[in-house]
Amino acid sequence: MSSDKKLTPISDLGEFGLIDRMTKGIKLKNKSSVKGVGDDAAVVNHNGYQTVITTDMLTEGIHFDLSYSPLKHLGYKAVVVNLSDILAMNAKPTQIVVSIAVSARTSVESLDELYAGIYEACNFYKVDLVGGDTTSSRSGLVISITAIGKAKPEDLIYRSGAKENDLICVTGDLGAAYMGLQLLIREKEVYKVNPNSQPDLSGFEHILERQLKPECPISIIDKLEKMNVRPTAMIDISDGLSSEVLHICQASEVGCVVHEDKLPIDESTIKFGNQIGVHSSIAALNGGEDYELLFTVPLSDFDTIKRYPEIKVIGHITKEDKGCSLVTGDGTYLPLDAQGFDHGANE
Ligand SMILES: [Mg+2]
């Protein structure tokens, strides 16, 4: 948004005017969306399917920094982080409800940008925006999204089903979003010192995109079904791989072995990590915000899984009394913990 345009204060529209403006173009895409925006509540009919519900709130200054997060990307990301949790249940996302709290310095035009991103994600992932709320905030922008999804009762996958000898699989690549954030923070510091400096972001488009406009692997849900592979446990990777593997192990009462050299890490993640002195494995294990899926499958599915390059096998499930271990590149076993491991100390 160019700064020479006059911006409209939200008070010019009022709450109902604002809601009209933000929701006027909605065309419902899903049969299950019986009633969308415009009444006291939305109506969703999942006809024999079970309904999956999740919510996530993003707060300015805690989860995002508007000095480097474009509002359109932020809107997109706020939807994706919720859909990722629906996928993690092996369910299909169908609707979202969007609530925002805005401060007096938020303009109508900036909300247009935010909603443009929200609608872009709704179109890409084929979900309907069916309701929400707007209110004021004294501290900054808050975006709270609730996502609704559906699944046949027998298709739902919980964290608790992993069994000894199952393979641990992940989609996509890990650690890039963390490195993207470090790059944005670095460039913000450079800009503070010299506002005329041009940010040096070339070669790092991947890590920036993974931080600012992440995607969640929605096609994997259909692919697993087509492959006839039913994961025994599943979770999305929002807080770093270690923490998510531990959640599965705890819920399933099992142990695990994860191999550091099998972690899928993009070259640009490694390259930027080298620049700032952070090992890319640490970013993958403890960075977070990857929004990929982590799941376990029976060993008998290995021949099927290996034909899909977007799915990587990174380890296996053991008996609970073996604990949870990470095997480093040189074959050292370290305890896997959510706080992270000190890579340098073991080299
Ligand atoms: Mg989750």
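As a convention, each chain's residues are numbered from 1 in the sequence order in which they are written. Whole-chain, interface and lining totals are the exception, using all residues; otherwise, since this is a predicted model, local features are given only for residues with pLDDT of at least 70 and side-chain atom pairs are given and counted only at 80 or more.

Asks: Account for the domain arrangement of the protein, naming residues and giving values.
Replies: Many structure descriptions define interface size as the accessible area lost when the parts assemble. Domain start and end points were adopted from an automatic or database domain assignment. Domain parsing of the protein yields domain 1 (15-155) and domain 2 (159-346). The C-alpha-based centres of domain 1 and domain 2 are spaced at 26 Å. Counting from both sides, the interface comprises 17 residues of domain 1 and, opposite them, 15 residues of domain 2. A run of H or I in DSSP counts as a helix once it spans at least four residues, and a run of E counts as a strand once it spans at least two, with each numbered from the N terminus. Per-element accounting of the side of domain 1 that touches domain 2 gives the leading share, nine residues, to helix 2 (residues 71-87). We call two residues in contact whenever the C-beta atoms placed from their backbones are within 7 Å.

Asks: Outline the sheet that holds strand 4 (residues 92-102), listing residues and values.
Replies: Paired strands are those between which DSSP finds at least two bridges. An order of 3-6-4-5 is seen for the four strands of this open sheet, with the pairing classed as mixed. Of all the strands in the sheet, just strand 3 (50-59) and strand 5 (128-136) have a single pairing partner and so form its edges. Each adjacent strand pair in this sheet contributes to an overall mean axis angle of 15°, direction not counted. Here strand 3 pairs with strand 6 (residues 142-151) via 10 bridges, running antiparallel. Bridge pairing links Val52 to Gly149 in strand 6. Across the face of the sheet, helix 3 (residues 108-125) comes into contact with strand 4 and strand 5 while running at roughly 170° to strand 4. In this analysis, axes come from line fits to C-alpha atoms, helices being fitted only over the stretch in contact, and the angle between any two N-to-C directions falls in the range 0 to 180 degrees.

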